[in-house]
Amino acid sequence: MSRSKLVIIGNGMAGVKCVEEIIALEPDTYEIVIYGNEPRPNYNRIMLSKVLQGEHSLQDIIINDWTWYAEHHIRLCTGETVHRIDTRGKYIETESGLKETYDVLILATGSSPFIPPIPGIDKERVMSFRTIDDCTRMSDYSKTYRKAAVIGGGLLGLEAARGLLHLGMEAVVVHNAHYIMNRQLDQNAAAMLQQELEGQGMSFLLAKNTQKITGRSQVQGLQFTDGSKLEAQVVIVAVGIRPNVDLARRSGIATNRAIMVDDYMRTSVPDIYAVGECAEHRGISYGLVAPLYEQGKVLARTLCGQETSEYKGSIPYSQLKVSGVDVFSAGEISGEGMQTAIQHLDGIQGTYKKVLMQAGKVRGAILFGDTTEGPALLGLVQRGADVAELAPREGAPDPAEMAAAALPAQENVCACNNVTKAAIMKAIQEQGLETADQVKEQTKASGSCGGCRPMVAALLKHTHNLKNNGGTGVVAIPDKPASLPVCSCTELGHAELKEMLDDIVVMEVELPDISLILQKLDWGSEHGCSVCRPVIHYYLKVSGGTIVAREIEGHSEVQVRWDDQIPLSSYARDARGLAAQLRASWIGAAMPSPVNMGVAPGPGSLVSALVQDIGLLASPAGWEIYAGGHAEHPVKQGGLLGVAETEVQAAALASACLQWYRQTAWYDEPLWAWTERLGFMSIRETLLDDQLQKELAATLQADI
């Protein structure tokens, strides 16, 4: 059977990553042809600064050499620029006159350096920093010239300046903002980084706008809008990138800032897809490796006809070394409504940590000097976790190790060298690796930009702990993300622990003491700890189990809290009666977390039903029942569960909600957080089932 022909325009990291995924899934589905305009195989563009700084050779940054293409029967056409796509005839044409038909076409044309319209920008020795050829030119210039200026104080500009210092040149960074890396860092972290770079010999001119580049045919310097000047013999322009969309636009493919794609990376033309920096998804085009690789995986599964989740966008993050300094940035670090949740500065150790929140959710994070917590913070940002999860708990395991445990086995740890968690753990196990440097030597993980080194160290610790806790034998590598452990005594998460305790309750006629239960659970501690003991007791209680009180010292049942300060109004008597009824019904019920309940006789009440865990509001139609709100900063409004005509019906719905929360929440999980985890609409649909509602309300009464 003949194979369909897949043509990829672009031999960069995003397009070739997609090809790698296709080969792994369905190696015989396509005849693959790749066109690249550079005269070399696929290489890691991120590592160009390391080549410039002398840390790597050109060969070191090749991702797939010539033999890789031959082994997988991929025809690579280098040094060819595609200038035309005939979407009706389904063929492409290069500037040299080559034509290639296709069945499926992927546009992976990447981006080019943005060149601002500064007078004199076209003078000799003014250049960008994007390709291997640019590295060679900069190295050649360093043999003759000494004074260099870099326009742009972002990551690329700083890396270019560091490379120039290594080549023996003077490097002055010119930036139009008041501090460097202003898109990834705040002013504190930027000041710490600038101090470190100045110690390495770099100079900075901040809040400077270049008016023109001086000199006749060759650059002599920069003149700024404030009238000041800077002498320079070489100028590097590193102010951003621009997606390469001209080919798509000429060919009638819909473009905006970049090539517009849907959630499966499809363009506006059938059988043509786009991936990487040239693609625009939901109004965003990404310039970081991780999102581009995520896009490549979705596209590969789509082209192989396999079920896949749609690409929903990515949380931008950077975990890297800037001139030898560990820096981490994730999510949003500024914007309307953004507030600081955590901020720590250690001037002696040279470390800085800042976590930002918006509406009570973790939205961004910055780490400087020590990025060990980066993966854990990234997870919180990606799922919009509540800020309460930032608070450390006594006995909780190391957050970096928890992040390592939660990472899927086939997820890339080292994006630069395409090394997965499974590959790293396997190497540690089979070769007895003891240090992060040994892991780097054997797997190449953290051997390029170095940004993933904290995760490599956490995986090293996690792998050894798994083996030590299990005695001997090979550590099993999970195929699915592990849930976070309840405490340091166990690897079990809340879901697994709750399920195992339910089984114990069913099997045991009379429950043993806590020590025997822990033994059955293969607990790491004979008597547990202050974190896990109340958790176990609570799950046993809601499962219908009992345990001798002396075996659970220090634990007391969580009491329901409510606010019954109800002002006089036409509905006051009914509201007071309902509050008293609920108070009598719920008092003494064990809860996963304190619960606030409010009963309001009307919209003007001093008690707001909308910001309670469970709120009941009198209305002309009867009673409105709300759940999932809270009054603490930042305030969260609850959702409407339903409307009841009578106090009895209102009490039944509220009680059913409370019991469903007791049965399905994790210990210490607030009711508003529970509604977000399960989904408010799912809870609402469950509770509006009349029969189940009655059963839940009855169960609550039986448990008290």
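Throughout this description, residue numbers start from 1 for each chain and increase along the sequence as written. Since the coordinates come from a predicted model, pLDDT governs what is reported: local features require at least 70, and pairs of side-chain atoms require 80 or more to be given and counted, while whole-chain, interface and lining totals use all residues. Derived side-chain values reflect all non-hydrogen atoms in the structure, with water molecules and hydrogen atoms excluded from consideration.

Draft legend 1. Inspection of the sheet that holds strand S6 (residues 99-101) at higher detail. Strand order in the open sheet made by the three strands is S4-S5-S6, with antiparallel pairing throughout. Two strands close off the open sheet at either side, each with one partner strand: strand S4 (82-86) and S6. Between one strand axis and the next, the sheet turns through 20° on average, direction left out of account. Between any two strands, pairing holds if DSSP finds at least two bridges. A run of DSSP states H or I qualifies as a helix once it reaches four residues; a run of E qualifies as a strand once it reaches two. Both are numbered from the N-terminal end. Pairing of S4 with strand S5 (residues 91-94) involves four bridges; the strand directions are antiparallel. Its bridge partner being in S5, Val82 is matched across the sheet by Thr94. Here an axis means a line fitted to C-alpha atoms, over the contact stretch when the element is a helix, while the angle between two N-to-C directions is reported on a 0 to 180 degree scale.

Draft legend 2. Local environment of helix H19 (residues 671-678). Throughout this description, buried means an accessible area under 20% of the type-specific maximum (1.4 Å probe, protein chains only), exposed means over 50%, and partly exposed covers the range between. When H19 is considered as a whole, its buried residues turn out to be Leu671, Trp672, Ala673, Trp674 and Thr675. By definition, residues are in contact when any of their heavy atoms lie within 4.5 Å. Taken together, the buried residues of H19 touch strand S25 (361-368), strand S30 (614-619), strand S31 (622-627), helix H18 (647-664) and helix H20 (680-687). Looking one or two residues beyond H19, the residue adopting positive phi is Gly679, at roughly 95°.

Draft legend 3. Layout of the nonpolar core. Ile85 and Leu107 are the most contacted members of the largest nonpolar core, which totals 52 residues. Top contributing element to this core by residue count: helix H1 (residues 13-25), with six residues. Counting residues in each nonpolar core, the second largest holds 44 residues, with Leu48, Tyr141, Ala171 and Ala189 among its members. Only buried residues count toward a nonpolar core. Its members are Ala, Val, Leu, Ile, Met, Phe, Trp, Tyr and Cys residues joined through side-chain atoms within 4.5 Å.

Draft legend 4. Local environment of the pairing of strand S23 (residues 339-346). In the sheet, S23 pairs with strand S24 (residues 351-358) via seven bridges, with the strands oriented antiparallel. Paired with Thr340 across the strands is Leu356, a residue of S24. Taking the residues that link successive antiparallel strands as the turn, the S23-S24 hairpin has four residues, and the phi of Gly350 there is positive, at about 70°.

Draft legend 5. The arrangement of unusual backbone geometry in detail. The backbone phi angle of Lys90 is positive, close to 55°, even though this residue is not glycine. Secondary-structure assignment places Lys90 in the loop between S4 and S5. Of note in this structure, Asp668 is not a glycine but carries a positive phi near 75°. One can find Asp668 in the loop between H18 and H19.

Draft legend 6. Molecular detail of the environment of Gly528. Residue placement: Gly528 occurs in the loop between helix H15 (514-520) and helix H16 (532-542). Gly528 sits in the buried class, given a relative accessible area of 18%. If we ignore the near neighbours within four places in the chain, the residues touching Gly528 are Cys489, Leu518, Trp523 and Arg533.

Draft legend 7. Main features of the packing of H18 against H20. Viewed as axis vectors pointing N to C, H18 and H20 meet at an angle of 125°, and their least axial separation amounts to 10 Å. By the angle between their directions, the pair H18 and H20 is classed as oblique. Once H18 is placed against H20, the crossing between them reads as right-handed. Residues Leu653, Ala656, Cys657 and Trp660 of H18 form the contact with H20, whose own contacting residues are Ile683, Thr686 and Leu687. Grouping the constituent residues of the contact of H18 with H20 by class yields six nonpolar, one polar and no charged. Angles are sorted into four bins: roughly parallel if under 35 degrees, roughly antiparallel if over 145, roughly perpendicular if 65 to 115, and oblique for all others. Rotating anticlockwise by less than a right angle from the far helix to the near helix defines a left-handed crossing, while the corresponding clockwise rotation defines a right-handed one. Each residue gets one of three labels, nonpolar for Ala, Val, Leu, Ile, Met, Phe, Trp, Tyr, Cys and Pro, charged for Asp, Glu, Lys and Arg, and polar for the others, Gly among them.

Draft legend 8. View of the sheet that holds strand S15 (residues 229-231). Spatially, S13-S14-S15 is the arrangement adopted by the three strands of the open sheet, whose pairing is antiparallel. Both edges of this open sheet fall to strand S13 (210-214) and S15, since each of them pairs with a single strand only. With direction set aside, neighbouring strand axes in the sheet form an average angle of 20°. Here S13 runs beside strand S14 (residues 221-224); their pairing, made up of four bridges, is antiparallel. Its bridge partner lying in S14, Lys212 is registered against Gln223.

Draft legend 9. Spotlight on the environment of Glu21. Counting through the fold element by element, Glu21 comes out in helix H1. C-alpha of Glu21 to C-alpha of Lys297: the two residues are 276 residues apart in sequence and 6.2 Å apart in space. Sequence-distant contacts of Glu21, that is, excluding residues within four places in its chain, are made with Gly296, Lys297 and Ala300.

Draft legend 10. Inspection of the confidence of the model for the chain at higher detail. One number per residue, pLDDT, summarises how confident the predictor is, and it ranges from 0 to 100. Confidence in the prediction of the chain, expressed as mean pLDDT, is 84, and 87% of residues score 70 or more. Note on residues 471-482: pLDDT is under 50 here. Beyond four places in sequence and across chains, it has 20 contacts. Low confidence marks residues 563-570, where pLDDT is under 50. Its contacts with residues over four positions away, or in another chain, come to 18 contacts.

Draft legend 11. Spotlight on the pattern of salt bridges. Salt bridge, as applied in this entry: a Lys or Arg side-chain nitrogen positioned within 4 Å of an Asp or Glu carboxyl oxygen. Scanning the model with the defined rule gives 22 salt bridges in all. The partner of Glu170 in a salt bridge is Lys147, with the nearest N and O atoms 3.3 Å apart. Placement of Glu170 in strand S11 (residues 170-175) and of Lys147 in strand S10 (residues 147-151) is noted, with a sequence separation of 23 residues between them. Since its relative accessible area comes to 29%, Lys147 is described here as partly exposed. Here the salt bridges share partners, and the residues they tie into one network are Glu38, Arg40, Arg45 and Asp133.

Draft legend 12. Representation of helix H4 (residues 132-142) within the structure. Of the positions making up H4, those classed as buried are Ile132, Asp134, Cys135, Met138, Tyr141 and Ser142. Those residues of H4 that are buried are in contact with helix H2 (48-52), strand S9 (126-128), helix H5 (155-166) and strand S16 (234-237). Between N or O atoms, a polar contact is any pair within 3.5 Å; within protein, one atom must be a potential hydrogen donor and the other a potential acceptor, and residues adjacent in sequence are included only when both atoms are from side chains. Its side-chain oxygen placed 3.3 Å from the backbone nitrogen of Asp133, Thr131 serves as the N-cap of H4.

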